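A closer look at the structure
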Amino acid sequence: MEKKKQHPQVKSELHPRSQHRTRYNFEALIKSSPELAKYVAPNKYGDESVDFFNPAAVKALNKALLIHHYGLEYWDIPEHYLCPPIPGRADYIHNIADLLKGNQSEIPKGKHIKGLDIGVGANCIYPIIGQHEYGWSFIGSDTDETAISSAKTIEQKNYKLRSTLEIRRQEKSNNFFYDILKPEEKVDFTICNPPFHASAEDAQKASLKKQKNLKGKRPNKVLLNFGGQHNELWTKGGEARFVKDMIYESKHFGKQCFWFTSLISKEATLKPTYKILEKVNATAVKTIEMGQGHKISRFIAWTFLTEQEQNDWIKERW
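Scoring rules and cut-offs
- The numbers attached to residues start from 1 for each chain and follow its sequence in the written order.
- With pLDDT at 70 or above as the cut-off, local features in this predicted model cover only qualifying residues; side-chain atom pairs require 80 or more to be listed or tallied, and sums for whole chains, interfaces and linings still use all residues.
- Computation of side-chain values: all heavy atoms of the structure, hydrogens and water removed.
- UniProt positions are given in the numbering used here, feature names are shortened, and annotations may be inferred rather than shown by experiment.
- For every residue, the accessible area (1.4 Å probe, protein chains only) is compared with the maximum for its type, and the residue is labelled buried under 20%, exposed over 50%, or partly exposed between those bounds.
- Secondary structure elements are defined from DSSP: runs of H or I of at least 4 residues count as helices, runs of E of at least 2 residues count as strands, and each element is numbered from the N terminus.
- At least two DSSP bridges between two strands are needed for those strands to be called paired.
- Here the expected span of a helix is defined as 1.5 Å times the quantity of residues minus one.
- Any pair of nitrogen or oxygen atoms within 3.5 Å is treated as a polar contact; in protein, a donor-acceptor pairing is required on top of that, and neighbouring residues in sequence qualify only through side-chain atoms on both sides.
- Between the N-to-C directions of two axes lies an angle of 0 to 180 degrees, each axis being a line fitted to C-alpha atoms and, for a helix, fitted only over the stretch in contact.
- Roughly parallel means an angle under 35 degrees; roughly antiparallel, over 145; roughly perpendicular, 65 to 115; everything else is oblique.
- Crossings are classed by handedness, with left-handed meaning an anticlockwise turn of the near helix from the far one by less than a right angle and right-handed meaning a clockwise turn.
- Two residues form a contact once any of their heavy atoms are found within 4.5 Å.
- Residues are sorted three ways: Asp, Glu, Lys and Arg are charged, Ala, Val, Leu, Ile, Met, Phe, Trp, Tyr, Cys and Pro are nonpolar, and all the rest, Gly among them, are polar.
- Only buried Ala, Val, Leu, Ile, Met, Phe, Trp, Tyr and Cys residues count toward a nonpolar core, and they belong to the same one when joined by side-chain atoms within 4.5 Å.
- Assignment of crossover handedness uses the view with strands pointing away from the viewer, where a clockwise path from the first strand over the helix to the second indicates a right-handed crossover.

Naming follows an unreviewed UniProt entry, where the protein chain appears as Ribosomal RNA large subunit methyltransferase F of Winogradskyella arenosi. The UniProt entry for the protein chain carries the following text under Subcellular location (unreviewed entry): "Cytoplasm".

1. A few points about the pairing of strand β3 (residues 114–118)
Across the 5 residues of β3, 4 count as buried, placing the element largely inside the fold. As defined by bridge partners, β3 adjoins strand β4 (residues 137–142) across 5 bridges and the pair is classed as parallel. By the bridge assignment for β4, Ile118 is matched with Ser141. With 4 bridges connecting them, β3 and strand β6 (residues 187–192) associate as parallel partners. Residue pairing across strands places Leu116 opposite Thr190, the latter belonging to β6.

2. So, unusual backbone geometry
Of all residues except glycine, most have a negative phi; of all peptide bonds, most are trans. Despite not being glycine, Cys124 has its phi angle at roughly 60°, a positive value. As for its position among the elements, Cys124 is in the loop between β3 and α4 (125–134). Judged by its relative accessible area of 0%, Cys124 falls in the buried class. The phi dihedral of Asp179 is positive, around 70°, even though this residue is not glycine. In this structure, Asp179 sits in the loop between β5 (165–169) and β6. Classification of Asp179 as exposed rests on a relative accessible area of 53%.

3. Here's the deal with helix α2 (residues 55–70)
Here α2 contains 16 residues, and its C-alpha end-to-end distance of 22 Å stays within 8% of the 22 Å for a straight helix at 1.5 Å per residue. For α2, the complete set of buried residues consists of Ala57, Val58, Ala60, Leu61, Asn62, Ala64, Leu65, Leu66, Ile67, His69 and Tyr70. Where α2 starts, the residue carrying a side-chain oxygen 3.0 Å from the main-chain nitrogen of Ala56 turns out to be Asn54. Phi for Gly71, located one or two positions after α2, is positive at around 65°.

4. What about the packing of helix α9 (residues 238–250) against helix α10 (residues 270–279)?
Relative to each other, α9 and α10 sit at 15°, their axes nearing to 10 Å. Here α9 is positioned roughly parallel relative to α10, judged by the angle of their axes. α9 and α10 meet at a crossing whose hand is right-handed. On α10, the residues touching Val243, Lys244, Ile247 and Tyr248 of α9 are Thr273, Ile276, Leu277 and Lys279. In terms of residue class, the contact of α9 with α10 is built from 5 nonpolar, 1 polar and 2 charged.

5. Thoughts on the nonpolar core
Membership of the largest hydrophobic core comes to 57 residues, with the highest contact counts inside it found for Leu36, Trp75, Ile96, Ile128, Trp136 and Phe299. In terms of residues, this core owes the most to one element, α2, which gives 9 residues. Contact partners of Ile96, with chain neighbours within four places excluded, come to Trp136, Phe189, Thr190, Ile191, Thr261 and Phe299. Residues Phe253, Cys257, Ile276 and Phe304 belong to the second largest nonpolar core, which totals 25 residues.

6. As for the pairing of β4
Burial runs high along β4: 6 of the 6 residues are buried. The alternating pattern of β4 places Ser137, Ile139 and Ser141 on one face and Phe138, Gly140 and Asp142 on the opposite face, and all of these are buried. Taken together, β3, α4 and β4 form a β-α-β motif whose crossover is right-handed. Relative to β5, β4 runs parallel, the two being bridged by 5 bridges. Across the sheet, residue Ser141 finds its bridge partner in β5, namely Arg168.

7. With respect to α9
Compared with an ideal rise of 1.5 Å per residue, which puts 13 residues at 18 Å, α9 spans 19 Å between its outermost C-alpha atoms and is within 8% of the ideal. For α9, the full list of buried residues reads Gly238, Glu239, Phe242, Val243, Met246, Ile247, Glu249 and Ser250. Against the buried residues of α9 lie β3, β6, β7 (257–263), α10 and β9 (295–303).

Below you can see the structure in the form of structure tokens.
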């Protein structure tokens with residue numbers, strides 16, 4: 001066994017309100033979700049951990065985290081669907097809360113605050129965290145029939161989500177807001193985790209690189225340990241094209257949403273995105289950075305509301 005690694009008590013790079021700033025308490029997690037126990041074992045440093053290259057272990061850990069920290073009664077996803085790391089997803093939600101707070105004294109909370117999760121996926125992570133932490137309600141949209149079915153099952157089997165989450169199928173794969181937002185329907189924010197890659201090959205290369213960095217040697221096969229269907233991981237033109245199309249369509253819904261937002265994986269995507277936002281006359285644009293482990297993540301936020309319209313929105317809705 002190698003010398004025990006010294007870990008900081010607090011993961012200071014995560015959001016101050018995150019429930020994941022301390023190391024995983026496997027004893028408590030196993031108590032909340034006993035099936036996790038078979039995947040927990042000492043790693044080479046002697047610390048309790050799970051094998052993050054085993055998709056079943058990652059899924060069991062996610063389930064335990066969601067039950068333990070977010071009060072879920074049920075959570076499951078179909079095989080090979082995206083099983084995202086919970087701490088990073090929680091950070092996006094907490095930073096959205098800060099964005100909504102703006103210059104106000106308090107974060108707006110309660111089910112009257114509504115978000116649209118574009119690509120809610122089979123896992124429903126953002127609505128789960130947003131509802132538990134801030135009491136928000138959500139519309140979750142997706143183009144994938146299996147993801148929609150899974151999300152609806154999660155919603156139906158968790159009492160708190162039944163009154164705060166509505167799952168809507170997006171029939172047209174090129175649309176974001178059309179056929180999802182009803183006329184005059186308003187949401188306070190949108191949230192999106194775009195497919196980052198431009199092709200299946202790019203996704204495989206990225207996964208190989210990640211595994212090589214983690215294990216220190218070249219892996220002999222691709223293993224997507226967090227899963228993911230093609231529409232979750234790659235799209236024609238990659239995230240730059242995806243976000244560009246979203247921005248152009250958002251212009252037509254500019255008075256129905258306060259803040260549109262999207263994760264941006266690649267720093268190189270930012271510059272062309274700013275140019276598009278300038279072209280469509282967004283009235284305000286913000287880039288919020290989030291530190292997660294060894295990498296910096298970020299999301300971009302934009303609005304078409306004038307300052308007066310923003311003030312009126314806050315008075316009327318918050």
